[in-house]
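These are the residues of each chain, in order.
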Amino acid sequence: MLLWFCAMSCLIVWFVFRDPSMDYRLVMVGAVAPDVIDGLGGGARGMHSVTAGVIVLVVVVLATPGRARRARRKRWLAVPIGMFLHLLLDGAFTDTKVFWWPVTGWAFTDAALPTVDRGLGFGLALELAGLGVIWWGWQRCGLHDPRRRAVFVRSGRLALVGGPARR
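Sequence order as written defines the numbering, with residues in each chain counted from 1. Note on the predicted model: pLDDT of at least 70 is required for a residue's local features to be given, and 80 or more for side-chain atom pairs to be given and counted; whole-chain, interface and lining totals, by contrast, use all residues. Hydrogens and waters are ignored; side-chain quantities use all the structure's heavy atoms.

1. A short note on the packing of aromatic side chains
Phase 1: Working definition: a ring pair exists when centres of Phe, Tyr or Trp rings (six-membered ring for Trp) sit within 6.5 Å. Plane angles under 30 degrees give stacked, over 60 give edge-to-face, the rest tilted. For the coordinates displayed, the defined rule picks out four aromatic pairs.
Phase 2: Note on Trp14 and Tyr24: the rings are 6.4 Å apart at their centroids and 45° apart in plane angle, and the pair reads as tilted. In this pair, Trp14 sits in helix α1 (residues 3-17) while Tyr24 sits in helix α2 (residues 24-41), placing the two residues 10 residues apart along the sequence. Comparing Trp14 with Tyr24 shows no difference in burial state: the two are buried.
Phase 3: Ring geometry for Phe15 versus Trp136: centroids 6.5 Å apart, planes at 20°, classification stacked. Of this pair, Phe15 sits in helix α1 while Trp136 sits in helix α8 (residues 120-140), and the two are 121 residues apart along the sequence.
Phase 4: Think of it in three bands: residues with accessible area under 20% of the maximum for their type are buried, residues over 50% are exposed, and the middle band is partly exposed, with areas taken using a 1.4 Å probe on protein chains only. For Trp136, a relative accessible area of 38% puts it in the partly exposed group. Per the convention used, a helix needs a DSSP run of H or I reaching at least four residues, while a strand needs a run of E reaching at least two, with both numbered from the N terminus.

2. What to know about the side chain of Thr115
Phase 1: Note that Thr115 resides in helix α7 (residues 114-117).
Phase 2: Given the relative accessible area of 12%, Thr115 is considered buried.
Phase 3: Distance and chemistry together define a polar contact, namely a pair of N or O atoms within 3.5 Å, with one atom able to donate a hydrogen and the other to accept it when in protein, and with adjacent residues in sequence counting only for side-chain atoms on both sides. Here Asp90 takes part through its side chain, which lies 3.3 Å from a polar atom of the side chain of Thr115.
Phase 4: Contacts: residue pairs with any heavy atoms within 4.5 Å of one another. Not counting the four nearest positions on each side in its chain, Thr115 is found in contact with Met1, Phe5, Asp35 and Asp90.

3. What about the environment of Pro80?
Phase 1: Along the chain, Pro80 turns up in helix α5 (residues 78-90).
Phase 2: For Pro80, the residues in contact, after removing those within four places along its chain, are Gly53, Val56, Leu57 and Val60.

4. Some points on α2
Phase 1: Residue count minus one, scaled by 1.5 Å, sets the expected span of a helix. An ideal rise of 1.5 Å per residue puts 26 Å on 18 residues; α2 measures up with 27 Å between its terminal C-alpha atoms.
Phase 2: Bend, at a single residue, is the angle you get between axes fitted to the 7 residues ending at that residue and the 7 residues starting at it. Taking the largest bend as the criterion, α2 deviates by roughly 40°, centred on Val32, and proline Pro34 comes between one and four positions later.
Phase 3: Every buried residue of α2 is listed here: Tyr24, Leu26, Val27, Gly30, Ala31, Val32, Ala33, Pro34, Asp35 and Asp38.
Phase 4: Residues of α2 that are buried sit in contact with α1, α4 (70-76), α5, α7 and α9 (146-155).
Phase 5: Just beyond α2, the residue with positive phi is Gly42, at close to 95°.

5. Side note on the pattern of salt bridges
Phase 1: Here, a salt bridge means any Lys or Arg side-chain nitrogen found within 4 Å of an Asp or Glu carboxyl oxygen. Tallied over the full model, the rule gives five salt bridges.
Phase 2: In this structure, the salt-bridge partner of Lys74 is Asp19, at a minimum N-O distance of 2.8 Å. Taken together, the residues Lys74 in helix α4 and Asp19 in the loop between α1 and α2 connect sequence positions 55 residues apart.
Phase 3: For Lys74, a relative accessible area of 38% translates into the label partly exposed.

6. Side note on the nonpolar core
Phase 1: Grouping buried Ala, Val, Leu, Ile, Met, Phe, Trp, Tyr and Cys residues that are joined through side-chain atoms within 4.5 Å yields what is termed a nonpolar core. Core analysis: the largest hydrophobic core is formed by 18 residues, its most contacted members being Val13, Met22, Tyr24 and Leu158.
Phase 2: Breaking this core down by element, the ones donating at least two residues are α1, α2 and α5.
Phase 3: Aside from chain neighbours lying at most four places away, what touches Met22 is Val13, Phe17, Val27, Ala78, Ile81, Gly156 and Arg157.
Phase 4: Membership of the second largest hydrophobic core comes to 11 residues, among which are Trp4, Leu11, Val32 and Val133.

7. As for α8
Phase 1: Its 21 residues give α8 an end-to-end C-alpha distance of 30 Å, which sits within 8% of 30 Å, the value for a rise of 1.5 Å per residue.
Phase 2: Among the residues of α8, Gly123, Leu126, Glu127, Gly130, Val133 and Gly137 are the ones counted as buried. For α8, the angular spread of the buried residues around the axis is 120°, confining them to a single face. For α8, the exposed residues lying more than 90 degrees away from the buried face are Gly121, Leu128 and Trp135.
Phase 3: The inward-facing, buried residues of α8 abut α1.
Phase 4: Remark: Gly142 follows α8 within two positions and exhibits a positive phi of approximately 65°. Note: the arc covers the axis-to-C-beta directions of the helix.

Written as structure tokens, this is what we have:
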């Protein structure tokens, strides 16, 4: 699944932070990273644990000290935010052994990715819901306008129609 995680993570971040300067591209990268990385490993592993998001968060904070790097920190914090939202949207917290790894032990279980474990029908329903949210966001943010779309592609910023499209 791709559309579900990308659309819903952006929607949640918009409603929580209300920040048009957020880099929503990086939110989406963080939101799909756990399935991409763990999918290469064959199942739910470390990226589906809360530990992975905390490690990425700590790395971003430590790599961007001081006031001079505040904008860079704000930009890159979008990745762990997306990773945490993936855990929520995927229901990863329902598998205690994976979600709390390594607190519950170092060994990985043979747990399938929650995305795969739900089955094709439910996955398609979530993808259609994600497509609906994308359509709504496209309209609400005026991405039919080439200038607004160019701002999003270049900076990852979104602004509601009626507000200025920031550069």
